[in-house]
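Analysis of the macromolecular model
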Amino acid sequence: MDGYTVLRVIGEGSFGRALLVLQDSSNQTFAMKEIRLLKSSSDTQNSRKEAVLLAKMKHPNIVAFKESFEAEGYLYIVMEYCDGGDLMQRIKQQKGKLFPEDTILNWFIQICLGVNHIHKKRVLHRDIKSKNVFLTQNGKVKLGDFGSARLLSSPMAFACTYVGTPYYVPPEIWENLPYNNKSDIWSLGCILYELCSLKHPFQANSWKNLILKICQGPIQPLPALYSYKLQCLVKQMLKRNPSHRPSATTLLCRGSLAPLVLKCLSPQIIREYGEQILDETKISEPKKMKIKGTSSEDERSTAPASPHRQRWETHVPSSTLAALGKAPILNSSVTAEGDRGGSVIKYSENNARRQWLREPPEALLSMLRDADLSLAFQTYTIQRPGAEGLLRGPLSEETDSVDGDHEPVGLDLDRFEPRLDEEDTDFEDDDENPDWVSELKKQVEWRDVCDGKLLEECA
Ligand code: ADP
Ligand code: MG
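Residues numbered from 1 in each chain as written. Chains lettered and ligands numbered in written order. Predicted model: local features only at pLDDT ≥ 70, side-chain atom pairs only at ≥ 80, totals over all residues. Heavy atoms only, no water.

1. A closer look at the overall build of the chain
Helix and strand counts for the chain come out as 14 helices and 13 strands. In the chain, which comprises 459 residues, the share counted as buried stands at 51%. Long-range pairs, those at least 24 residues apart, make up 72% of the contacts in the chain with a sequence separation of at least 6. Surface exposure of the chain reaches about 20900 Å², of which carbon and sulfur atoms provide 52%. (Helix = DSSP H or I, 4+ residues; strand = E, 2+ residues; numbered from the N terminus. Buried < 20%, exposed > 50% of the residue type's maximum accessible area, 1.4 Å probe, protein only. Contact = heavy atoms within 4.5 Å. Areas by Shrake-Rupley, 256 points an atom, 1.4 Å probe, with all protein chains shown as cover.)

2. A short note on unusual backbone geometry
It is generally the case that most residues other than glycine have a negative phi and that most peptide bonds are trans. Positive phi, normally seen in glycine, also occurs at Asn27, with a value near 60°. Note that Asn27 resides in the loop between strand S2 (16-23) and strand S3 (28-36). In this model, Arg126 sits at a positive phi of 70°, which is unusual for a non-glycine residue. Given a relative accessible area of 8%, Arg126 falls into the buried group.

3. As for helix H5 (residues 181-197)
Along its 17 residues, H5 runs 25 Å from first to last C-alpha, staying within 8% of the 24 Å computed at 1.5 Å per residue. Leu198 sits one or two residues past H5 and shows a positive phi near 60°. (Expected span 1.5 Å × (residues − 1).)

4. A word on the coordination of the magnesium ion (ligand 2)
Around the magnesium ion (ligand 2), the donor atoms from the protein are Asn132 (OD1) and Asp145 (OD), and they sit 2.1 to 2.2 Å away. With Asn132 in the loop between strand S6 (123-124) and strand S7 (133-135) and Asp145 in the loop between strand S8 (141-143) and strand S9 (150-151), this residue pair connects regions lying 13 residues apart in the sequence. (Donors = N, O, S within 2.8 Å, 3.2 Å for Na, K, Ca; no water.)

5. What to know about the nonpolar core
With 89 residues, the main nonpolar core has Leu87, Leu188, Leu192, Trp436 and Leu440 as its most contacted residues. Here the element with the most residues in this core is helix H3 (residues 101-120); it accounts for ten residues. When residues no more than four places from it in sequence are discounted, the contact partners of Leu87 are Trp107, Ile111, Ser130, Val133, Leu135, Ile191 and Leu195. Ranked by size, the runner-up nonpolar core spans eight residues in total, among them Tyr4, Val21, Phe30 and Val78. (Core = buried A, V, L, I, M, F, W, Y, C linked by side-chain atoms within 4.5 Å.)

6. Details of the packing of H5 against helix H7 (residues 228-237)
Each pair of packed helices can be summarised by the angle the axes make with each other and by the distance between the axes. For the pair H5 and H7, the least separation of the axes is 8 Å and the interaxial angle reads 145°. The interaxial crossing formed by H5 with H7 has left-handed handedness. Between H5, through Ile185, Trp186, Leu188, Gly189, Leu192, Tyr193 and Cys196, and H7, the contact on the second element is made entirely by Leu230, Leu233, Val234 and Met237. Partitioned by chemical class, the residues of the contact of H5 with H7 number ten nonpolar, one polar and no charged. (Axes fitted to C-alpha atoms, helices over the stretch in contact; angles between N-to-C directions. Left-handed = near helix turned anticlockwise from the far one by under 90°. Nonpolar A, V, L, I, M, F, W, Y, C, P; charged D, E, K, R; others polar.)

7. Describing the pattern of salt bridges
Here the structure, examined in full by the defined rule, presents seven salt bridges. In this structure, Glu50 and Lys33 form a salt bridge, with 2.7 Å as the shortest nitrogen-oxygen distance. Of this pair, Glu50 sits in helix H1 (residues 41-56) while Lys33 sits in strand S3, and the two are 17 residues apart along the sequence. Both residues of the pair, Glu50 and Lys33, count as buried. (Salt bridge = Lys/Arg side-chain N within 4 Å of Asp/Glu carboxyl O.)

8. Details of the packing of aromatic side chains
Under the criterion given, the structure shown has five aromatic pairs. With a centroid separation of 6.2 Å and an interplanar angle of 15°, the aromatic rings of Tyr4 and Phe69 are classed as stacked. Note that Tyr4 is positioned in strand S1 (residues 4-13) and Phe69 in strand S4 (residues 65-71), a separation of 65 residues in sequence. (Phe/Tyr/Trp six-rings, centres within 6.5 Å; stacked < 30°, edge-to-face > 60°.)

9. Some remarks on the packing of H3 against H7
Between H3 and H7, the shortest axis-to-axis distance is 12 Å and the interhelical angle comes to 35°. Between H3 and H7 the crossing geometry is left-handed. Touching Glu101, Leu105 and Phe108 of H3 are Lys229, Leu230, Leu233 and Met237, all from H7. Of the residues belonging to the contact of H3 with H7, the class tally is five nonpolar, no polar and two charged.

10. Regarding the sheet that holds S3
Spatially, the five strands line up as an open sheet ordered S1-S2-S3-S5-S4, and their pairing is antiparallel. Of all strands in the sheet, those bounded by a partner on one side alone are S1 and S4. The average angle at which neighbouring strand axes cross in this sheet is 25°, direction not considered. As paired strands, S1 and S2 are joined by eight bridges and run antiparallel to one another. By the bridge assignment, Thr5 is partnered in S2 with Leu22. (Pairing = 2+ DSSP bridges.)

11. What to know about H1
Between its first and last C-alpha atoms H1 spans 22 Å; for 16 residues at 1.5 Å apiece the expected length is 22 Å, and the two agree. Most pronounced at Arg48, the bend in H1 amounts to some 25°. Those residues of H1 not exposed but buried are Thr44, Ser47, Glu50, Ala51, Leu53 and Leu54. The elements touched by buried residues of H1 are S3, S4, strand S5 (74-79), S6 and S9. (Bend = angle between axes of the 7 residues up to and from the residue.)

12. Re the environment of Ile270
Relative to the helices and strands, Ile270 resides in helix H9 (residues 267-281). According to the relative accessible area criterion, Ile270 is buried, its value standing at 6%. Spatially, the C-alpha atoms of Ile270 and Gln443 are 7.5 Å apart, while their sequence positions differ by 173 residues.

13. Regarding the pairing of S5
The element S5 is largely enclosed, with a buried count of five among its six residues. Two elements, S3 and S5, share six bridges in a ladder whose sense is antiparallel. Counted as the bridge partner of Met32 is Val78 from S5. Two elements, S4 and S5, share six bridges in a ladder whose sense is antiparallel. Within S5, the position partnered with Phe65 by the bridge is Met79. Between S4 and S5, which pair antiparallel and follow one another directly, the connecting turn spans two residues, one of which, Glu72, has a positive phi of 45°.

As structure tokens, this is what we get:
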């Protein structure tokens, strides 16, 4: 802690605390995450991963890493301080007043640019949620909290252990399937839905209904105020089949967002990061022949790279649903002491982060039965008005209607349909790039010319 003065606590979580600090030498403020280091070396290594991954990221829409150090059993990660709080707080501040569509799109594009950056570096965030998106007073939006992030071994790799927040967890995790970058896209879709509706896309009164709704249920339309393109965007990102969800690059380079991207970049960001952003959003793979009814992206995501790789199921996960059918409604009176088994690693003083392992549905259910929900998944509060055990997310209002447990969760066939072929556009010719790319290119080139001139003048 030498060299920093603590001004106040700005957040508290499973890891320890987030502090606002003043760097004595520069008189600048920073956010500092104070993480208890655990005795076991693997846990300690895990905690260090957050600093290592964050340090690899350099992007205007990712919380900037400054330094990290260890002292007296704590790991300290010093990073840029975002003075506008987190996005969940911002959504709550609205008190039901909808955001203008322009604001939503501006924020959302900034988050997409951040997500695109980490995906290009083969890093999955795995805990994308409004609480992990930070704002600055000057309108910048930054993705933070890399405590759950994971580096994939290859661009095509699927990962098998998941850490995250159940409200934002995609169907493939509940269905015990491997996950990849498209799982982050799902969570990103949940954020877009929250920005538009000021509530979570899936409201339920039990774990069983929450998971059923995530896996197959209908999604309530966005408020009528918002455009059709915004509705489509949400629907695409919340497709049940990951390969039908657009990648971050597709989101930015194609379709309705493309013409707006440049407007979200300030001249200063263009100066500093223009080339990098261009590089990350340019289509790097050769155009492939498209066969009607399929898409290149589908083939990429579903083709087994090794004989052991699991394939996506195309039908409703009957084993999961059958098992879930028998699941009791959970309530908040369960308080687990220590580890009761199941597949949850519950947070306690000795466990750095909440996480659960991929296990068959039966094990998942035993986890849901025994887990101490309020501790294991900190974004939840579970309230029990009367005898009803209600599972509510942090954006829920007392008045939100949630389905009764006996009400069947409807099947939304649309979510099972692939996206239209022409929407699946990860593999396009460069000359089909949207205007913002060429516009940005011009600006970056212009900057180079100016820089060159400046250098000449200096010489
Ligand atoms: P975790 O979710 O693992 O507990 P976070 O990194 O999300 O840890 O930090 C917890 C809270 O601290 C955040 O929700 C936010 O309110 C605050 N916080 C963390 N980092 C920053 C930052 N760079 N700028 C401003 N606030 C921050
Ligand atoms: Mg967090």
